[in-house]
Amino acid sequence: MLHSGCRAVNGILQGSNLSRRWYSIAGITRRRRTAPSINPAIGRSRLMLAWLRGAPHPAPLSTTPSLCFCAKGNVKSKNVKADVLSAFAPVTVTEIRQYLRAKGIPFHDGYSCLHVPSLFVGKVFDTGKAEKETFTLFIDKTTGQFLCKETLLEGGWQDFQDCLEVMQKEGRDNLGPDVLLKVPESDWELSEQEMDLKEVQQIWNKAMAFADVEEEETRLVKAMFGITKVPDLILKKLSVKYFKPTKSLVFPWFNWRDLSLKGLKLLSAEQNGRQVNYVANTLPKPSSYHNLFGLHVLTRKDTTLVLTGKETDCLAVTSATGLPCVSLPRGVSCLPPALLPYLEQFKKITLWLGSDLLSWEASKIFARKLNMKRCSLVRPGDQQPCPQEALAMGLNLGKIVKNAVPAGHKSIISFRQLRDDVFGELANVDQVSGIKWQRFPDLNKLLKGHRKGELTVFTGPTGSGKTTFISECALDLCIQGVNTLWGSFEINNVRLAKIMLTQFAMQRLDDQLDNYDEWADKFENLPLFFMTFHGQHSIKSVIDTMQHAVYMYDISHIVIDNLQFMMGQEHLSVDRFSAQDYIVGTFRKFASDNSCHVTLVIHPRKEEDDKELQTASIFGTAKASQEADNVLILQDKKLASGQGKRYLQVAKNRFDGDLGIFPLEFKKASLTFSAVKGKAKLRKVKEDDAATPEQPGKSANAKEKK
């Protein structure tokens, strides 16, 4: 961080006692909201198609007769995590095109969406005005999800077909803007939305334009957030305000259609020694905050765009270059597909997401969604940091954007195209190693970190705590922002979520129910999703759901627990070993193709209790251990002796070859594992000795004497 930023934070925060609950400081108090006891709707059943004439509309948007295309099922409860993925039935872009042609609907093939006339305004079948500029409904080529930019109505591919069917059956030009395409909100949900909007409006009204802030305070605020060189004119143009009670920058989210205020992001600075940490809070919550900051000042004539990961980077690019620029709502963690229709008009998009290796990897993943043919990437480097730092260093931001490299790659390339990537890995060894575990430092010493694109095979004796351990490992990464998808085929999602919530809180909650809402609210904000599969399922349905999750939520870690429960419905004509080899190979290919880490839990073969498990103990052939980048074994001595410790053994490590074993201590109250304090420590082993690892705490001499 810049020293000037530290001094500015000292100057502006001195004497102030800021609460992390920023909305409470604003004089806005959230009352405890308890949802009614309602069973959650999991999955999506066949849509009901109803023609409601004169029926009361559940939302206070319209009282006119409307169409209703509502899914069956109950509304969500606040205390149940809603991010659950049911079996996904994929639709291909070829099927979508064929359907549109069969129905006589004109369409334009865009970058990531198909453009068609809106079903809710105008005339769909008016061929005399079939200009692509008038097509305002966008259908995602990958999922079939659609968005009408004129009415902001959205839905799935089945919704689109149902709407078109009713429109043709009724002989209407369009369905009107009052169609209901989702489950009506409950009274509690409407109250939640109204409260959020009230808070948004109150904070916005109390926030000050920089023209109204004293000159000295403006100088300190700009220095604190590293935007000293951003003129007040740009802050005014992008409607950035200053919220004095929490010393925060306020970035607005405007409705694309009528520019009404939909939400806010507050960026606050916290000093930690000589460093400055920036904390962002959003209203509504992050999962519902889909703001492309800067979009409201762009015009329909703009054809080029710079895409950044932070709002302050957007300010820097706009100030230095004047180029059209927007920032992503959640940085490099996710590019929600719901935002793709708003980026369709741009023929060239330059992704400049940050200055580290994580930003570079995210740029390549996001370019796939946006269509790589139109994307260029700014490669991180000393002379190409993030836009905010580049502006502070006096670099030429326009030149950096101009020198961005194309995202597309040929099938065959030479080292010349790879040399910059190789140099980047050599110069950023710590970042290349991956994300470090915070709860398992010994695991970092062996595996070095958690990396995308790898396959980890995890095994251990029955009853040793495989699910409990791997859930804490995944939770550790999820807390650090790793988008995680859980496929629990052995235990149901409610039980798994209960385990993870207990591990998250590090304490039992069944005797502290008054604290449940507080911990559940924090847990709900994690980028954590669950499949609804339970028991045996075909590999095709599982892979389709995983592919959908990677596209929709930018999932970078998938846990499959466990392999044996998935087998049994495919390859019935071949033996179980061949079926397992096929499934393992499919997961290996998925991890590599989608730059996603897959953790696969496999039960071991039946072994004698007094023998330690080895790589060869994994059920099936050697295919699993050969395909895996990492093999982890949970050794449990108490199963043989009735007492003793659990150990985690790293039996394979393709990244750098370090193997070893270290003890674990299970805490029943919090359902967590931790390193054992005392003499027993991690012990590395040579690859030749990996099959018979020495227990931690035993010396080599002791082993020889024995």
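This structure is a prediction, so every number in the text was calculated from the model and none was measured. (Residues numbered from 1 in each chain as written. Predicted model: local features only at pLDDT ≥ 70, side-chain atom pairs only at ≥ 80, totals over all residues. Heavy atoms only, no water.)

Draft legend 1. Representation of the sheet that holds strand E5 (residues 113-116) within the structure. An order of E4-E5-E6-E7-E8 is seen for the five strands of this open sheet, with the pairing classed as antiparallel. At either end of the open sheet lies a strand with only one pairing partner, and these are strand E4 (108-109) and strand E8 (154-155). Relative to the sheet, helix H4 (residues 157-170) contacts E5, strand E6 (137-140), strand E7 (146-148) and E8, its axis offset from that of E6 by approximately 135°. (Pairing = 2+ DSSP bridges. Helix = DSSP H or I, 4+ residues; strand = E, 2+ residues; numbered from the N terminus. Contact = heavy atoms within 4.5 Å. Axes fitted to C-alpha atoms, helices over the stretch in contact; angles between N-to-C directions.)

Draft legend 2. How the structure looks around the sheet that holds strand E11 (residues 248-254). The antiparallel open sheet is built from five strands, whose spatial order is E9-E10-E11-E12-E13. Looking along the sheet, the strands with just one partner apiece sit at the ends: strand E9 (208-209) and strand E13 (275-283). Examined bridge by bridge, strand E10 (residues 241-243) and E11 share three bridges and lie antiparallel to one another. Bridge pairing links Tyr242 to Leu249 in E11.

Draft legend 3. Molecular detail of the side chain of Arg374. Structurally, Arg374 is set in the loop between helix H9 (357-370) and strand E17 (375-377). Polar contacts involving the side chain of Arg374 include one to the main-chain carbonyl oxygen of Leu343, which spans 2.7 Å. Arg374 has contacts with Tyr111, Ser112, Leu343, Glu344, Phe346, Lys347, Lys348 and Ile349, leaving out every residue within four places of it along the chain. (Polar contact = N/O pair within 3.5 Å; in protein donor to acceptor, adjacent residues only side chain to side chain.)

Draft legend 4. Spotlight on the packing of helix H15 (residues 466-479) against helix H16 (residues 493-505). Here H15 crosses H16 at 60°, and the two axes come no closer than 10 Å. Between H15 and H16, the angle is such that the two are oblique. For the element pair H15 and H16, the recorded crossing hand is right-handed. Along the contact surface, H15 presents Thr467, Thr468, Ser471, Glu472, Leu475 and Ile479, while H16 presents Leu496, Ile499, Met500, Gln503 and Phe504. For the contact of H15 with H16, the residue count by class is six nonpolar, four polar and one charged. (Parallel < 35°, antiparallel > 145°, perpendicular 65-115°, else oblique. Left-handed = near helix turned anticlockwise from the far one by under 90°. Nonpolar A, V, L, I, M, F, W, Y, C, P; charged D, E, K, R; others polar.)

Draft legend 5. A look at helix H5 (residues 187-206). Counted at 1.5 Å a residue, the expected span for H5 with its 20 residues is 28 Å, and the 29 Å between its end C-alpha atoms agrees. What H5 keeps buried is the set Trp188, Glu189, Leu190, Glu192, Met195, Asp196, Glu199, Val200, Ile203 and Trp204. (Expected span 1.5 Å × (residues − 1). Buried < 20%, exposed > 50% of the residue type's maximum accessible area, 1.4 Å probe, protein only.)

Draft legend 6. A look at the pattern of salt bridges. This structure, assessed with the given rule, holds 24 salt bridges. The salt bridge involving Glu524 is made with Lys285; its shortest N-O contact spans 2.8 Å. Placement of Glu524 in helix H17 (residues 516-524) and of Lys285 in the loop between E13 and strand E14 (304-308) is noted, with a sequence separation of 239 residues between them. Judged by its relative accessible area of 35%, Lys285 falls in the partly exposed class. (Salt bridge = Lys/Arg side-chain N within 4 Å of Asp/Glu carboxyl O.)

Draft legend 7. How the structure looks around unusual backbone geometry. Note the cis peptide between Leu283 and Pro284, where omega equals 0°. Looking at the secondary structure, you find Pro284 in the loop between E13 and E14. For the peptide bond that leads from Asp561 to Asn562, omega is 5°, which places it in the cis range. Within the secondary structure, Asn562 sits in the loop between strand E22 (557-561) and helix H19 (576-593). Not every positive phi belongs to a glycine, and Ser239 is a case in point at roughly 60°. Positionally, Ser239 belongs in the loop between helix H7 (232-237) and E10. At Asp554, a position not held by glycine, the phi torsion is positive, near 50°. Note that Asp554 resides in the loop between helix H18 (539-553) and E22.

Draft legend 8. A look at the nonpolar core. Within the largest apolar cluster, 39 residues are counted, with the highest numbers of intra-cluster contacts made by Leu443, Trp486 and Leu648. Of all the secondary structure elements, the ones that give two or more residues to this core are helix H14 (441-447), H15, H16, H17, strand E21 (528-531), strand E24 (630-636), strand E25 (646-653) and strand E26 (659-667). Once residues within four sequence positions are removed from consideration, Trp486 is found in contact with Thr467, Ile470, Ser471, Ala474, Leu496, Met500, Leu528, Phe529, Phe530, Met531, Val559 and Asp561. In terms of nonpolar packing, the next biggest core, distinct from the first, is built from 36 residues, Met531, Val550, Ile555 and Ala651 among them. (Core = buried A, V, L, I, M, F, W, Y, C linked by side-chain atoms within 4.5 Å.)

Draft legend 9. Region of interest: the pairing of strand E19 (residues 455-459). Counting buried residues in E19 gives five out of five residues, a clear majority hidden from the surface. What you see with E19 is no split at all: Leu455, Val457 and Thr459 on one side and Thr456 and Phe458 on the other are buried throughout. Taken together, the four bridges between E19 and strand E23 (residues 597-601) define a ladder with parallel strand orientation. Each residue of the ladder has a partner; that of Val457, found in E23, is Leu600. In the sheet, E19 pairs with E24 via four bridges, with the strands oriented parallel. Each bridged residue has a counterpart across the sheet, and for Val457 the counterpart in E24 is Val631.

Draft legend 10. Representation of the environment of Lys448 within the structure. If you trace the backbone, Lys448 turns up in the loop between H14 and E19. Measuring from C-alpha to C-alpha, the distance between Lys448 and Gly434 comes to 7.1 Å, with 14 residues separating the pair along the chain. Sequence-distant contacts of Lys448, that is, excluding residues within four places in its chain, are made with Ser433, Lys436, Leu443, Phe655, Asp656 and Asp658. Of note is the side chain of Lys448, whose polar atom sits 2.9 Å from the backbone oxygen of Lys445.

Draft legend 11. Fine view of the packing of aromatic side chains. Across all of its chains, the model carries 19 aromatic pairs by this definition. With centroids separated by 6.2 Å and ring planes inclined at 25°, the aromatic side chains of Phe120 and Phe146 adopt a geometry described as stacked. Of this pair, Phe120 sits in the loop between E5 and E6 while Phe146 is found in strand E7, placing the two residues 26 residues apart along the sequence. Note on accessibility: Phe120 and Phe146 belong to one class, buried. Ring geometry for Trp256 and Tyr342: centres 6.1 Å apart, planes at 55°, overall tilted. Highlighted residues: Trp256 in the loop between E11 and strand E12 (261-272) and Tyr342 in the loop between strand E15 (325-327) and strand E16 (348-352), separated in sequence by 86 residues. Among the residues examined, Trp256 registers a relative accessible area of 28% and is labelled partly exposed. With a relative accessible area of 14%, Tyr342 lands in the buried category. An aromatic cluster is built from Tyr99, Phe120, Phe146, Trp157 and Phe160, whose rings are joined through pairwise contacts. A cation over an aromatic ring shows up here: Lys369 above the ring of Tyr551, its NZ or CZ 5.3 Å from the ring centre. (Phe/Tyr/Trp six-rings, centres within 6.5 Å; stacked < 30°, edge-to-face > 60°. Lys NZ or Arg CZ within 6 Å of the ring centre and 35° of its normal.)

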